[in-house]
Amino acid sequence: MNGQYVGYVAGEDPLHGFLSTIMRDRLKVRAPQLAYRVFRLAGSNEVYRYEEKFSGTKIICKFYGTRFATDLDKAAWMARQEYEGLETLRRYNLVGSPHHVIRPLGLSRDINGVLAVEHYSGEEFSHAIARATQHGDDSHLYWRLKALAYFLATQHNRTANGATVDFEPECRYFDTILASLRKARRIGPRDIDELSALRDRWREQPRMWQDRQVWLHGDATPANFLFGHDLDVAAIDLERMKRGDRVFDVGRVAGELQHAFMRDSGDRHQAEAFIGHFLWEYSSHFPDHEQTFESITARAPYYMALNLLRIARNGYISQDYGRRLVRHAKRMLHAA
């Protein structure tokens, strides 16, 4: 999360006052003068790191206004949703070591729908994956997957409620992705018919409806987890947090591993040991490890396939690789 240096925040900029209020009131910075270096961070959203020059204190700001153009009310609503999601998970004692959800620090509708959160220094999950797929550092990725499985199992177990999973929204999300794939000309009518029939087979499986709802991260991708010392993990970017099946998060992580190995090595089979390790480590945090592992692995193919289809619709994916993702998604969906 080093970012690209882009300059300083001007003293007359409203953002300067916003940051200074957070620095003094929330982070207790006592420097007589405050000045902010600005670093733009990579990612799909407009996100910046602000580093106070004299104290070295850092704040991350995410601007929703850019995404929603002139609709600042919608931007502010999204910023508020993420702010409250962060606060919700932190109330389950997901604070500090080893499990940490970053602290929200402030928001402002009028400053481009900005949400400010604490800075957490750690290794991105994407870097740990790349060390294995591109440099052969398997042991490092195994350790990071152990830590992430521990974090997600803790989050899910602490937030489970008495309501059973409603699988229908995940079927509607499947349809939304199919529509995007068709619009991007990644699939045709025959593909849609086949994939829709496979979706219906999963809908008919009682196991997809029987678990208890948990709070999900909702976007468990490699950019959204940071690793610290030992088993320390921090979760960021909770704008898609929701209630649902725990395997939505678990399957997305597994699907991202599958994608990374397919993309970097061309061999989807190389991901299998890492996926199995991650699912077993997750299951080990339940009283009956083997029964949990069986339940998780029975549901995971749907969510893994959903993630591969989600990736395949993106414009940065080549047509050939997109077709490979769709074919492999079909293979997994046939496991129903």
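Let us look at the structure shown here. (Residues numbered from 1 in each chain as written. Predicted model: local features only at pLDDT ≥ 70, side-chain atom pairs only at ≥ 80, totals over all residues. Heavy atoms only, no water.)

### Here we look at the pattern of salt bridges
On inspection of all chains with the given rule, the structure shows 26 salt bridges. The salt bridge involving glutamate 281 is made with lysine 146; its shortest N-O contact spans 3.5 Å. Remark: lysine 146 occurs in helix α4 (residues 138-159) and glutamate 281 occurs in helix α8 (residues 272-283); sequence separation between them is 135 residues. With a closest N to O distance of 3.0 Å, arginine 203 and glutamate 168 form a salt bridge. A residue pair is termed long-range when its members are at least 10 positions apart, and arginine 203 in helix α6 (residues 189-203) and glutamate 168 in helix α5 (residues 168-183) qualify at 35 residues. Judged by its relative accessible area of 24%, arginine 203 falls in the partly exposed class. (Salt bridge = Lys/Arg side-chain N within 4 Å of Asp/Glu carboxyl O. Helix = DSSP H or I, 4+ residues; strand = E, 2+ residues; numbered from the N terminus. Buried < 20%, exposed > 50% of the residue type's maximum accessible area, 1.4 Å probe, protein only.)

### Quick look at the packing of α6 against helix α10 (residues 319-333)
One can describe the packing of α6 onto α10 by two numbers: an axis separation of 10 Å at closest approach and a directional angle of 30°. Here α6 is positioned roughly parallel relative to α10, judged by the angle of their axes. Here α6 and α10 pass one another in a crossing that is left-handed. Contact residues: α6 offers Asp191, Glu194, Leu195, Leu198 and Trp202, while α10 offers Lys330, Met332 and Leu333. (Axes fitted to C-alpha atoms, helices over the stretch in contact; angles between N-to-C directions. Parallel < 35°, antiparallel > 145°, perpendicular 65-115°, else oblique. Left-handed = near helix turned anticlockwise from the far one by under 90°. Contact = heavy atoms within 4.5 Å.)

### Section: α5
Over its 16 residues, α5 extends 23 Å from the first C-alpha to the last, a length consistent with the 22 Å expected when each residue adds 1.5 Å. Buried within α5 we find Glu170, Cys171, Phe174, Ile177, Leu178 and Leu181. Angularly, the buried residues of α5 cover 115° about the axis, an arc narrow enough to put them on a single face. Turning to α5, the residues buried within the fold contact α6, β12 (242-244), α7 (246-265), α9 (289-312) and α10. Looking one or two places after α5, you find arginine 185, whose phi comes out positive at around 60°. (Expected span 1.5 Å × (residues − 1). Arc of directions from axis to C-beta.)

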